[in-house]
Protein chains: 2
Amino acid sequence: MANALRVLAMDAVQQANSGHPGAPMGMAETAVALWSRHLRHDPADPHWPGRDRFVLSNGHASMLLYALLHLTGYSLPMSELRQFRQLHSCTPGHPERGHTPGVETTTGPLGQGLANAVGMALAEKLLADEFNRPGHTVVDHRTYVCVGDGCLMEGISHEVCSLAAAWRLHKLVVLYDDNGISIDGPVGPWFPDDTPARFRAYGWHVVGPLDGHDVEAVDAALVAAHACDDRPTLIVCRTQIGRGSPQRAGTAKAHGEALGAAEVQHTREALDWSHPPFEIPAPVYTAWNARARGAELRRGWQGRMAAYRQQHPRLAAELERRLRGELPADFQESRLSLLAQFGQAREAVATRKASQQALAALAPRLPELLGGSADLTGSNLTDFPGCGAVRGDTPGGRHVHYGVREFGMAAIMNGVALHGGYIPYGGTFLTFSDYSRNALRMAALMQCRVVHVYTHDSIGLGEDGPTHQPVEHAASLRLIPNLDVWRPCDAAETAAAWISALTQRSRPTALLLSRQSLTAQLRTAEQVVAIARGAYVLSDRARPQAVLLATGSEVSLAVEAQAVLDARGVRVRVVSLPSTTVFDRQDRGYRDDVLLPALPRIGVEAGVTRWWSQYGCAAALGLDGYGASAPAAQLWPHFGFTVERLVDLVLAQLGTLETELPRPC
Amino acid sequence: MANALRVLAMDAVQQANSGHPGAPMGMAETAVALWSRHLRHDPADPHWPGRDRFVLSNGHASMLLYALLHLTGYSLPMSELRQFRQLHSCTPGHPERGHTPGVETTTGPLGQGLANAVGMALAEKLLADEFNRPGHTVVDHRTYVCVGDGCLMEGISHEVCSLAAAWRLHKLVVLYDDNGISIDGPVGPWFPDDTPARFRAYGWHVVGPLDGHDVEAVDAALVAAHACDDRPTLIVCRTQIGRGSPQRAGTAKAHGEALGAAEVQHTREALDWSHPPFEIPAPVYTAWNARARGAELRRGWQGRMAAYRQQHPRLAAELERRLRGELPADFQESRLSLLAQFGQAREAVATRKASQQALAALAPRLPELLGGSADLTGSNLTDFPGCGAVRGDTPGGRHVHYGVREFGMAAIMNGVALHGGYIPYGGTFLTFSDYSRNALRMAALMQCRVVHVYTHDSIGLGEDGPTHQPVEHAASLRLIPNLDVWRPCDAAETAAAWISALTQRSRPTALLLSRQSLTAQLRTAEQVVAIARGAYVLSDRARPQAVLLATGSEVSLAVEAQAVLDARGVRVRVVSLPSTTVFDRQDRGYRDDVLLPALPRIGVEAGVTRWWSQYGCAAALGLDGYGASAPAAQLWPHFGFTVERLVDLVLAQLGTLETELPRPC
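All figures in this text were calculated on a predicted structure; none of them were measured in a lab.

Cut-offs and rules
- Residues numbered from 1 in each chain as written.
- Chains lettered and ligands numbered in written order.
- Predicted model: local features only at pLDDT ≥ 70, side-chain atom pairs only at ≥ 80, totals over all residues.
- Heavy atoms only, no water.
- Pairing = 2+ DSSP bridges.
- Helix = DSSP H or I, 4+ residues; strand = E, 2+ residues; numbered from the N terminus.
- Axes fitted to C-alpha atoms, helices over the stretch in contact; angles between N-to-C directions.
- Buried < 20%, exposed > 50% of the residue type's maximum accessible area, 1.4 Å probe, protein only.
- Contact = heavy atoms within 4.5 Å.
- Buried area = accessible area lost by both parts, 1.4 Å probe.
- Salt bridge = Lys/Arg side-chain N within 4 Å of Asp/Glu carboxyl O.
- Phe/Tyr/Trp six-rings, centres within 6.5 Å; stacked < 30°, edge-to-face > 60°.
- Least-squares fit on C-alpha atoms with pLDDT ≥ 70 in both.
- Parallel < 35°, antiparallel > 145°, perpendicular 65-115°, else oblique.
- Left-handed = near helix turned anticlockwise from the far one by under 90°.
- Nonpolar A, V, L, I, M, F, W, Y, C, P; charged D, E, K, R; others polar.
- UniProt positions renumbered as here; feature names shortened; annotations may be inferred.
- Domains from an automatic or database assignment.
- Expected span 1.5 Å × (residues − 1).
- Core = buried A, V, L, I, M, F, W, Y, C linked by side-chain atoms within 4.5 Å.
- Disulfide = S-S within 2.5 Å.

Undergrad: In this structure, what is going on with the sheet that holds strand β1 (residues 53-56) of chain A? I would like to understand it.
TA: Sheet strands associate in pairs through backbone hydrogen bonding, adopting either a parallel or an antiparallel arrangement. All names here are of chain A. In spatial order, the strands read β1-β2-β3-β7-β6; together these five strands make up an open sheet with parallel pairing. Single-partner strands in this sheet number two, and they are β1 and β6 (205-211). Pairs of neighbouring strands in the sheet enclose a mean axial angle of 15°, with direction left out of account. As paired elements, strand β3 (residues 172-178) and strand β7 (residues 233-238) share six bridges and run parallel to each other. Residue pairing in the sheet places Y176 in a bridge with V236 of β7.

Undergrad: Please clarify how unusual backbone geometry should be interpreted in this entry.
TA: Backbone geometry follows two general trends: most residues other than glycine have a negative phi, and most peptide bonds adopt the trans configuration. Residue and element names in this part refer to chain A. That bond from G208 to P209 is cis: its omega, 10°, falls within 30 degrees of zero. Among the secondary structure elements, P209 is positioned in strand β6. In the Ramachandran plot, H456 falls in the positive-phi region, its phi being about 60° despite a non-glycine side chain. Topologically, H456 is positioned in the loop between β12 (451-455) and α20 (473-477). Taking relative accessible area as the criterion, H456 reaches 5% and is therefore assigned buried.

Undergrad: Looking at this structure, I do not really get the interface of chain B and chain A. What am I missing?
TA: Interface extent is often summarised as the accessible area lost during association of the parts. The partner chain A presents 99 residues to the 100 residues of chain B that form the contact. Here chain B meets chain A over a buried area of about 8300 Å², counting both sides, of which 55% is carbon and sulfur. Linking chain B to chain A there are eight salt bridges. R437 of chain B serves as the salt-bridge partner of D434 of chain A, at 3.5 Å between the closest nitrogen and oxygen.

Undergrad: Even after reading the chapter, I still don't get the pairing of strand β2 (residues 143-147) of chain B, so can you show me in this structure?
TA: Two faces, one strand: in a regular strand the side chains alternate between the faces of the sheet. Residues and elements named next belong to chain B. Burial analysis of β2 places five of its five residues in the buried class, the great majority of the element. Both faces of β2 are covered, namely the face carrying T143, V145 and V147 and the face carrying Y144 and C146. Taken together, the four bridges between strand β1 (residues 53-56) and β2 define a ladder with parallel strand orientation. Across the sheet, the residue bridging to V55 is V145, located in β2. In this sheet, strand β3 (residues 172-178) lies alongside β2 in parallel orientation, the contact comprising five bridges. Paired with C146 across the bridge in β3 is L175.

Undergrad: Before we go on, may I ask you to explain the packing of aromatic side chains in this structure?
TA: What characterises a pair of aromatic rings is the spacing of the ring centres plus the angle enclosed by the ring planes. Within this structure, the stated rule accounts for 28 aromatic pairs over all chains. With 5.7 Å between their ring centres and 85° between their planes, F432 of chain A and Y435 of chain A make a pair best called edge-to-face. Y435 of chain A matches F432 of chain A in its accessibility class, with the two residues each being buried. On the basis of an interplanar angle of 75° and a centroid distance of 6.0 Å, the ring pair of W167 of chain B and Y402 of chain B is categorised as edge-to-face. Of this pair, W167 of chain B sits in the loop between α8 (155-166) and β3 while Y402 of chain B sits in the loop between β10 (399-401) and α18 (406-419), and the two are 235 residues apart along the sequence. Across the pair, exposure class does not vary: W167 of chain B and Y402 of chain B are buried alike. Grouping aromatic residues by their ring pairs yields a cluster made of F583, Y590, W611, W612 and Y615 of chain A.

Undergrad: So what exactly am I meant to see when it comes to the relation of the copies chain B and chain A here?
TA: Copies of the same chain, two in number, are related to each other by a rotation about an axis and a translation along it. Between the two copies, chain B and chain A, the superposition gives an RMSD of 0.0 Å; the rotation angle is 180° and the shift along the axis is 0.0 Å. In short, the pair behaves as if placed about a two-fold rotation axis. Within chain B, G155 of chain B has its C-alpha nearest the rotation axis, a separation of 1.8 Å. When the interface residues of chain B are mapped onto chain A, 99% of them again lie at the interface, so the same face is used by both copies.

Undergrad: Is there a simple way to think about the packing of helix α6 (residues 112-131) of chain A against helix α8 (residues 155-166) of chain A in this case?
TA: The relative placement of two packed helices comes down to the angle between their axes together with the axis-to-axis distance. All names here are of chain A. The N-to-C vectors of α6 and α8 enclose an angle of 20°; their axes lie 9 Å apart at closest approach. The pairing of α6 with α8 is recorded here as roughly parallel in orientation. The two elements α6 and α8 cross, and the hand of that crossing is left-handed. For the pair α6 and α8, the contacting residues are Q112, L114, A115 and V118 in the first and I156, S157, V160, C161 and A164 in the second. When its residues are assigned to classes, the contact of α6 with α8 shows seven nonpolar, two polar and no charged.

Undergrad: Please clarify how the packing of helix α16 (residues 351-362) of chain A against helix α21 (residues 491-503) of chain A should be interpreted in this entry.
TA: Residue and element names in this part refer to chain A. Viewed as axis vectors pointing N to C, α16 and α21 meet at an angle of 55°, and their least axial separation amounts to 9 Å. As judged from the angle between their axes, α16 and α21 are oblique. α16 and α21 meet at a crossing whose hand is right-handed. Taking contact as the criterion, the partners of T351, A354, S355, A358, L359 and L362 in α16 are, on α21, A491, T494, W498 and L502. A breakdown of the residues in the contact of α16 with α21 according to their chemical character gives seven nonpolar, three polar and no charged.

Undergrad: I would appreciate a short explanation of the UniProt feature "active site" (unreviewed entry) in chain A in the present structure.
TA: In the numbering adopted here, UniProt assigns the feature "active site" (unreviewed entry) to E406 of chain A. For E406 of chain A, a relative accessible area of 5% puts it in the buried group. Apart from the residues lying within four places of it in its own chain, the contact partners of E406 of chain A are E159, A374, T428, F432, Y435 and S436 of chain A together with E154 of chain B.

Undergrad: Would you take a moment to explain the domain arrangement of chain A for this structure?
TA: The assigned domain composition of chain A is domain 1 (1-289), domain 2 (330-512) and domain 3 (525-660). Here the C-alpha centroids of domain 1 of chain A and domain 3 of chain A sit 52 Å apart.

Undergrad: Mind showing me how you'd approach the sheet that holds strand β19 (residues 601-604) of chain B here?
TA: Residues and elements named next belong to chain B. The sheet built from five strands is open, its strands ordered β16-β18-β17-β19-β20 with mixed pairing. The open sheet is flanked by β16 (536-539) and β20 (617-621), the only strands paired with a single partner. Averaged over all neighbouring strand pairs, the angle between strand axes comes to 30°, with direction disregarded. Where strand β17 (residues 546-550) meets strand β18 (residues 572-576), five bridges bridge the pair, whose relative direction is parallel. Within β18, the residue paired with L548 across the bridge is V574.

Undergrad: Is there a simple way to explain helix α18 (residues 406-419) of chain A in this structure?
TA: Three- or four-residue spacings in an α-helix give side chains the same orientation, since the helix completes a turn every 3.6 residues. All names here are of chain A. Here α18 contains 14 residues, and its C-alpha end-to-end distance of 20 Å stays within 8% of the 20 Å for a straight helix at 1.5 Å per residue. Burial runs high along α18: 13 of the 14 residues are buried. Just downstream of α18 lies G420, where phi reads positive at about 95°.

Undergrad: How should I be thinking about the nonpolar core in this particular structure?
TA: Side chains of a nonpolar character, in soluble globular proteins, are inclined to be buried together. In this structure, W498, F641 and L646 of chain A together with W498, F641 and L646 of chain B are the most contacted members of the largest nonpolar core, which totals 178 residues. Apart from the residues lying within four places of it in its own chain, the contact partners of W498 of chain A are S355, A358, L359, L362, Y425, V451, V453 and L511 of chain A. Core analysis: the next-biggest nonpolar cluster, separate from the first, contains 173 residues, M153 of chain A together with V187, F199 and A410 of chain B among them.

Undergrad: Honestly, the pattern of salt bridges in this entry has me stumped. Any pointers?
TA: Pairing is possible between side chains of opposite charge, provided their charged atoms come close. Applying the stated rule across the entire model yields 72 salt bridges over all chains. Two residues, E320 of chain A and R309 of chain A, come together in a salt bridge whose shortest N-O distance is 2.6 Å. Of this pair, E320 of chain A sits in helix α14 (residues 313-324) while R309 of chain A sits in helix α13 (residues 291-311), and the two are eleven residues apart along the sequence. The salt bridge involving E29 of chain B is made with R6 of chain B; its shortest N-O contact spans 2.8 Å. Here the residue E29 of chain B occupies a position in helix α3 (residues 28-37), and R6 of chain B occupies one in helix α1 (residues 2-16), the gap between them amounting to 23 residues. Of the two residues examined, E29 of chain B and R6 of chain B, each falls in the buried class.

Undergrad: Even after reading the chapter, I still don't get the state of the cysteines, so can you show me in this structure?
TA: Disulfide: a covalent bond connecting the sulfur atoms of a pair of cysteines. All names here are of chain A. All told, the structure shown has zero disulfides over all chains when counted by the stated rule. Looking at C448, it has no disulfide partner, and the nearest cysteine sulfur is the one in C151, 18 Å off. With a relative accessible area of 3%, C448 lands in the buried category.

Structure (structure tokens):
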């Protein structure tokens, strides 16, 4: 059974002349132990909620996973394995969620699969706490994850493994492919860690090091892992990369390239494997096939669900809704009442505060909201009345203290979303979105509904200075395909932003929120509705001569400039663009109606200016360098964010003022 | 002495009504032990190369550092402390390098100061190996760094502390302010780590936990740290946050806000400190003053340097040049010969390969080049003949195996650059610039000369698929203020990019390089020179009707389209833009001469398209979604990167073809 995995991996990589044979060949026995003796899954139904989750964090070993999925009976025929790494195949270079049945998460960027797995195990634990009832254990599955040396060198492994221990995720089992080789060679000179000791220092249950080529040893370790009921388990499997290849085994050469025709032949001989490429003998198929056992497991779970539904019909319906990712039936009502309430708000409020108020209003009717913050709860305002803290030792809680771990938080949130049952959101300062950027990209690529609450969104945060003041971040986040970015100007736009984030089932959203209070804008009911289109006319004039475009905290500056210009007999339209990513999806007609392409346009946002040219702005007021440490009230004029300057900019565009003005290239 | 620090911190934060009193008050005795008994520094000369380095990685504790600098005699008068966190003061909210004498690095984003310190200690070690001679120890200083719980929760701490052990940086001493409190409260529920055990697992020398309020205990720990000659030392100081404040000590409230007038008064009473704010009694000043000892230490080093200069004049001159950050006198020659050689290159070559060839040519004449890769040496091609590997157990080596640690690598490179003596460069795949993004920003903010070698810069990398294929990265990196970004199209542009990167003394550079071979473009000598301007006319036509703008691997597509258009009687200019950030700094005349603003312009780059609007492009060929796993030769046409499509785009812009075409909003 192990050699079938080896040969399929080796042959597929050879056929593609591209890929990573070493890890699949080295992990073959580990996979046999886990997949043939423990993993509870049903190849006929990859989405059955009661299944164990399997994550290949070292995603370059994708052929191991494809071989396992094929052999155990998933809808992944041999023709797909032959097409490894080819256009339109179901066997891309790295596992891609939504692309291949049985792939739980997209991996490749190292360390993040492990973080996703921690998120999945967290979701399982919380969902079990919330829904299981005496005699009715309907949420009860494990999360297994394979990691390599690379995953464990990455900093994110530190962040999430500390949290896994804090949360006592005992159903999380990590299989460490300890082969001592990374791309640059034997890892000794750059990876001196005593990894078992490191994980014990987090509070993990550690098994091994053991011989990763001994199926019985791995099997026994898995049994020991399951027996541990208060800590996650790390199983350290000493393996040889490329095991089976006479020339390449144990070398870095085995990692990332095809073995070559001659070595493939030598490996066949060494393994005593006489079958041609992509042919597996029937007895091996039989031994691997997991359909019968899978169907039985799934039926068992369905039976438990049926009993649960009988006893607890409302709970069962709620669990099923949550697992489907559907919002409650009354969400439309919640949405309208929130918009009605926030649309009428008149007091100045920081949008981070408005966000908290929106959460307070929504959370009681959206029990799937699972909040959190990277140790900035009181600043991000991600908590809400009665949310309770998620803790390792007590059940319940809907707000996660992630500690100072932005990247870990974001990747764990992806895992929670992938698992299902919760809509995770998490907060940090906008500048530190840099720390978690690749996890945002992965959420966008995987189409995960997660919400990032990024507060302190400009120099308006004041004294903390340039390390904390975002300048390029709004523009830069807007570049990530399939990520929605909102920068609301007041409570009404903040409410609309939250509604949009929750209703976008297949994309993540970043909310960019102010530390400081912002003036509430006046709107008609139609304007409140129009916020959902991402940009809209906030304040118009008859026959406008120019259009002022603004986002977030700078919208009030535009409105004030409009009034000053009125007095000077110049008529400008003010457009608020809380979400350019949403606006860009509107039809051309609407966009032109809002932007008035024939008129001069001027943008204002407390960030880099050149970004505005895509909306036809010939001039923009912004900040193209770094901020400074000072009270915000001094920073705004210091960096030129004044009504006067904006007025001058408009007048200059209209040719009625001759000055040297900042403008995009 | 400790209470002077406490009171200054408390009063300055109170005066600003903003800041973090808790950490400075908690670390006061630690600071007394280090700064008054061990740290070798001279307040009269903050740049003396022989000084110990001190890094406050928990940068929010800035008032501790400002108080220390003031009391020991740096040019930081009390008037500046009164102006804490005010505009134009030398006491910004977080320590900023270049802003305040004695501040070695800008800190605030947690964990990165620790990483910078590892880089400084690495630079010291390598420089000592390279320049010290028997009887002449001219490079010999320590690096001290204070960290808080936040720094140690961050993943980057894992990355860099593992490396510090691997490199045996025994002159690195980390003082851990183990106060058990982070912003969200007592850290137990989210930071379960046994940190001493964790550091022992890396191979560190760990001292403590000890009472961080016992100066003698910290002093003894520092003596023990200095006695350890093969490993870095972690000193675990158990402290109480906000120590001295009767109400706030030991609570999260002490962390990030002023104590309030009443509590300030209570603290004064509790500390028996009767002096008014910002008044320090003379005996305390005397006890703290480090000028005499500093001058003596510096003179001692100058004496050693003089003896060294006598005995090893060429070595001494070279060391001094390197420490000044000046390129060798013959660099102009190296530059011209490199350009001459690469300007003539005719064979197709991957720009990552051209980069390696440039390194091979430059490195023998630039001994300050210190290369490295995050475990992708053979892919990034960051090594060069004879570079040798940096190792913990053997001296020498000019190429660092950073392991799979992109963020740690980038922040360590910043520390190396801040220390001086080396120009660090490091490689990974462009997509994984996401992992290190905030360290790039910090390099740009601090004006560090570091070079990032980002290979595999587009879908042209092929089979590894969308997780590895950058789409938004080039555009997004260009948004970071003061970061230069180059995406060369062939060997000549790659050589010019390297030259630019090395000669930019006050900014970092990112080189975006192809995995695949690219056609060499033909250029006149003038065109080769013009590359340095960031964009230039690569191929012109008389009375052009349109301008094609292209970068990197897409330049050849533009040149091919030009030829096809020639045949159709349409004359277009091709502009190559290897570095838009450099181009944007050119004068308006040059920019207009190149771009011809009156003509229709069309951009082509294998990334997001809306970015092009800032160069007046009404249409662009690019990729606004994610890539796919397949051989590159199939991906290019699959995503529409064909000569035909580009030709059609030009014709459509000229109104001679009626089709629905991709265009920015």
